[in-house]
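Single-letter residue listing:
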Amino acid sequence: MDSPIQLLENTDQATKQMLENVRKRKKKFEDTKKWHYFSVYGTLLFAFFFFVYFYLTIAEHYSYSFLAMLSAALNDTINVLLLSMTIIGFGAMNLLRQQKEKKEKEFQELRCEIVDRSKDLWKREEEWKNRHIVFEIMKKKYDINLYHEKK
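Note that the structure is a prediction, hence the values are computed from the model and not measured. (Residues numbered from 1 in each chain as written. Predicted model: local features only at pLDDT ≥ 70, side-chain atom pairs only at ≥ 80, totals over all residues. Heavy atoms only, no water.)

Peer 1: For the nonpolar core, give the residues involved together with the corresponding values.
Peer 2: Counting 17 residues, the largest nonpolar core has Leu19, Val22, Ile114, Val134, Met138, Ile144 and Leu146 as the members making the most contacts within it. Counting residues per element, the ones that place at least two in this core are helix 2 (13-59), helix 4 (77-116) and helix 7 (131-142). Once residues lying within four places of it in the same chain are set aside, the contact partners of isoleucine 144 are Val22, Arg23, Lys26, Phe107, Arg111, Phe135, Met138 and Lys139. (Core = buried A, V, L, I, M, F, W, Y, C linked by side-chain atoms within 4.5 Å. Buried < 20%, exposed > 50% of the residue type's maximum accessible area, 1.4 Å probe, protein only. Helix = DSSP H or I, 4+ residues; strand = E, 2+ residues; numbered from the N terminus. Contact = heavy atoms within 4.5 Å.)

Have a look at this one:
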């Protein structure tokens with residue numbers, strides 16, 4: 001468990017565990033989001049290199065015939081490699097986008113559950129009055145808003 005969450009006063013162990021779980025899900029979401037952006041930019045980079053290479057080596061020389069251009073493109077190893085890397089990057093980009101959306105949904109659901117159950121999590125009068133301290137720590141340290149359900 002992360003030390004700022006462990007050091008929270010007026011919060012029981014079950015609530016601390018829920019806060020730790022929401023922190024872990026936020027980190028997983030942020031990591032997946034980062035890898036998704038890397039895949040987007042990598043795919044764009046490979047696509048750019050593919051189109052530039054294709055134009056300079058094939059399109060300029062074989063523009064008189066589509067079949068000659070296709071044959072030359074398939075016979076060129078670098079061209080096929082760049083095209084396949086672009087296609088693989090596109091597939092990875094879509095897969096990581098789906099994972100990112102799934103992890104964001106899981107994170108948002110758990111965050112909203114904590115917001116909904118805040119009356120149950122901080123039952124005693126003293127805990128209820130000091131819950132804003134927990135909310136501020138979560139907002140400042142981890143950028144997790146527990147004040148409202150909406151993003």
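There is more to say after this.
Peer 1: Would you mind going over the side chain of lysine 100 in detail, with residue names and values included?
Peer 2: Among the structural elements, lysine 100 can be located in helix 4. Although lysine 100 is buried, it makes no salt bridge; glutamate 104 carries the closest opposite charge, 5.9 Å away. When near neighbours in sequence (up to four residues on either side) are disregarded, lysine 100 contacts Phe29, Thr32, Lys33 and His36. (Lys, Arg positive; Asp, Glu negative; His and termini not counted. Salt bridge = Lys/Arg side-chain N within 4 Å of Asp/Glu carboxyl O.)

Peer 1: Before we move on, could you go through helix 3 (residues 66-75) and cite the residues and values that matter?
Peer 2: Among all positions of helix 3, only Met69, Ala72 and Ala73 are buried. Seen end-on, helix 3 carries its buried residues on one side only, within an arc spanning 100 degrees. Opposite the packed face of helix 3, turned more than 90 degrees from it, sit the exposed residues Leu67, Leu74 and Asn75. Residues of helix 3 that are buried make contact with helix 2 and helix 4. Capping the start of helix 3, serine 65 holds a side-chain oxygen 3.4 Å from the backbone nitrogen of leucine 67, two or three residues further along. (Arc of directions from axis to C-beta. Polar contact = N/O pair within 3.5 Å; in protein donor to acceptor, adjacent residues only side chain to side chain.)

Spatial relationships are all this shows, so hold off on functional conclusions.
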